[in-house]
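Chain residues, written in single-letter form:
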Amino acid sequence: MRQPGSDRRTGSARLAAAVALVVALGVAGCNKDSGDLTRGQQLFTQRCATCHQLAAAGSQGVQGPSLDDAFAAARARGMDSDTIAGVVKAQVENPRPMTANPSVSMPPDLASGQDLNDIAAFVGHVAGTGAKVPKLTTSQLFVSTCGTCHTLAAAQTSGTTGPNLDTGLAKQTKAEIKQSIISPDAKITPGYAAGIMPPSFGQSIQPADLKGLVDYLYASTHKGK
């Protein structure tokens, strides 16, 4: 049986290999389109952070490759930020087909136009640099970890991969909310399949942050009750 994390390492290795090929060939990746770094960070948090680790975005995604790991070596070999941005754009515009293994595939239509320019510019500017952001607020942690997949009015997210939390958590206790985060397949919402939500958040989210996230979700979905 493949060990947990091995798929992610494979995905990181494949992305790093693709980046290395760009460096070796000295080709295309250059990103000639300007991008707004602040807006790019916001869009990355909303659309990409659930799956990818990127220190400068404060994201801890475990489904896809770590962008810091994939691009650090490329920077050491001389790849500049514009070229990294170009690689990011190419990966988003031509994603690997969706499979049962999320570490080697990516959803289509994540971003286009100026949204993609902004995301690519941000990732190109920070990935693999060691840059970090201040500690996330609880709402930011929710957006970066859960917002792509779930709708929650308090966080202004509208993900549909997983259940709508405004209705799904309205009758749950804090203990039940915590269980739904750390053991998502223990109780599956009707209409959704097992295995959609990663089972690793109990390990990747620090205990204090997990408590804060549970409190935030409870308060956001039990207003006036």
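Procedures and definitions
- Residues numbered from 1 in each chain as written.
- Predicted model: local features only at pLDDT ≥ 70, side-chain atom pairs only at ≥ 80, totals over all residues.
- Heavy atoms only, no water.
- Helix = DSSP H or I, 4+ residues; strand = E, 2+ residues; numbered from the N terminus.
- Buried < 20%, exposed > 50% of the residue type's maximum accessible area, 1.4 Å probe, protein only.
- Areas by Shrake-Rupley, 256 points an atom, 1.4 Å probe, with all protein chains shown as cover.
- 1 Å grid on protein atoms, 1.4 Å probe; cavity = no way out; pocket = protein on both sides within 12 Å on 5 of 7 lines; lining within 4 Å.
- Points joined across faces, edges and corners; volume = space filled by probe spheres on them.
- Nonpolar A, V, L, I, M, F, W, Y, C, P; charged D, E, K, R; others polar.
- Core = buried A, V, L, I, M, F, W, Y, C linked by side-chain atoms within 4.5 Å.
- pLDDT = per-residue confidence, 0-100.
- Contact = heavy atoms within 4.5 Å.
- Phe/Tyr/Trp six-rings, centres within 6.5 Å; stacked < 30°, edge-to-face > 60°.
- Lys NZ or Arg CZ within 6 Å of the ring centre and 35° of its normal.
- Polar contact = N/O pair within 3.5 Å; in protein donor to acceptor, adjacent residues only side chain to side chain.
- Disulfide = S-S within 2.5 Å.
- Axes fitted to C-alpha atoms, helices over the stretch in contact; angles between N-to-C directions.
- Parallel < 35°, antiparallel > 145°, perpendicular 65-115°, else oblique.

**As for the overall build of the chain**
Scanning the chain from N- to C-terminus turns up 10 helices and 4 strands. Listing each helix as α and each strand as β along the chain from the N terminus yields α-α-β-β-α-α-α-α-β-β-α-α-α-α. Of all 225 residues assigned to the chain, the portion counted as buried reaches 42%. Working note: accessible area of the chain is about 11,900 Å², and carbon and sulfur atoms make up 55% of it.

**Overview of the layout of surface pockets**
Of the pockets and cavities examined, the second largest pocket occupies roughly 660 Å³. The element best represented in the lining of the second largest pocket is helix H8 (residues 174–182), accounting for 4 residues. Grouping the constituent residues of the lining of the second largest pocket by class yields 18 nonpolar, 12 polar and 3 charged.

**Here we look at the nonpolar core**
Counting 26 residues, the largest nonpolar core has Phe44, Leu54, Phe71, Val88, Ile119, Phe122 and Val123 as its most contacted members. Here the element with the most residues in this core is helix H5 (residues 113–126); it accounts for 6 residues. Judged by nonpolar contacts, the second largest core, of 17 residues, contains Val143, Ala155, Ile205 and Leu217.

**Things to note about unusual backbone geometry**
Phi at Asp109 is positive, roughly 60°, even though this residue is not glycine. Mapping Asp109 onto the fold places it in the loop between helix H4 (81–93) and H5. Residue Asp109 is classed as exposed on the basis of its relative accessible area of 75%.

**Regarding the confidence of the model for the chain**
The predicted model of the chain averages 82 in pLDDT, with 80% of residues at 70 or higher. Residue range residues 1–8 is modelled with pLDDT below 50. Its contacts to residues more than four positions away, or to other chains, number 12 contacts. Counting interchain partners and residues more than four positions distant, the pLDDT-below-50 stretch residues 21–29 has 12 contacts.

**Here we look at the packing of aromatic side chains**
Applying the stated criterion across every chain, the model contains 2 aromatic pairs. Each ring, one from Phe142 and one from Tyr216, has its centre 6.2 Å from the other, and the planes form 50°; the classification is tilted. Of this pair, Phe142 sits in helix H6 (residues 138–145) while Tyr216 is found in helix H10 (residues 207–221), placing the two residues 74 residues apart along the sequence. One exposure class covers both Phe142 and Tyr216, and it is buried. Taking NZ or CZ as reference, Lys174 lies 5.4 Å from the ring centre of Tyr218, over its face.

**Thoughts on the side chain of Thr157**
In this structure, Thr157 sits in strand S4 (residues 157–158). Here the side chain of Thr157 touches His150 through a polar contact of 2.9 Å, landing on its backbone oxygen. Sequence-distant contacts of Thr157, that is, excluding residues within four places in its chain, are made with Phe142, Val143, Gly147, His150, Thr151 and Leu152.

**With respect to the state of the cysteines**
Tallying each qualifying case throughout the model produces 0 disulfides. With no disulfide of its own, Cys48 has Cys51 as its nearest cysteine by sulfur position, at a separation of 8.5 Å. By relative accessible area, Cys51 is classed as partly exposed at 26%.

**Points about the packing of helix H2 (residues 37–47) against H5**
Where H2 meets H5, the closest approach of the two axes is 7 Å, and the angle between their N-to-C directions is 95°. One element, H2, and the other, H5, form an angle in the roughly perpendicular class. Within the contact between the two elements, H2 uses Leu37, Arg39, Gly40, Gln41, Leu43, Phe44 and Arg47 and H5 uses Gln114, Asp115, Asp118, Ile119, Ala121, Phe122, Val123 and His125. Looking at the contact of H2 with H5, its residues break down into 7 nonpolar, 4 polar and 4 charged.

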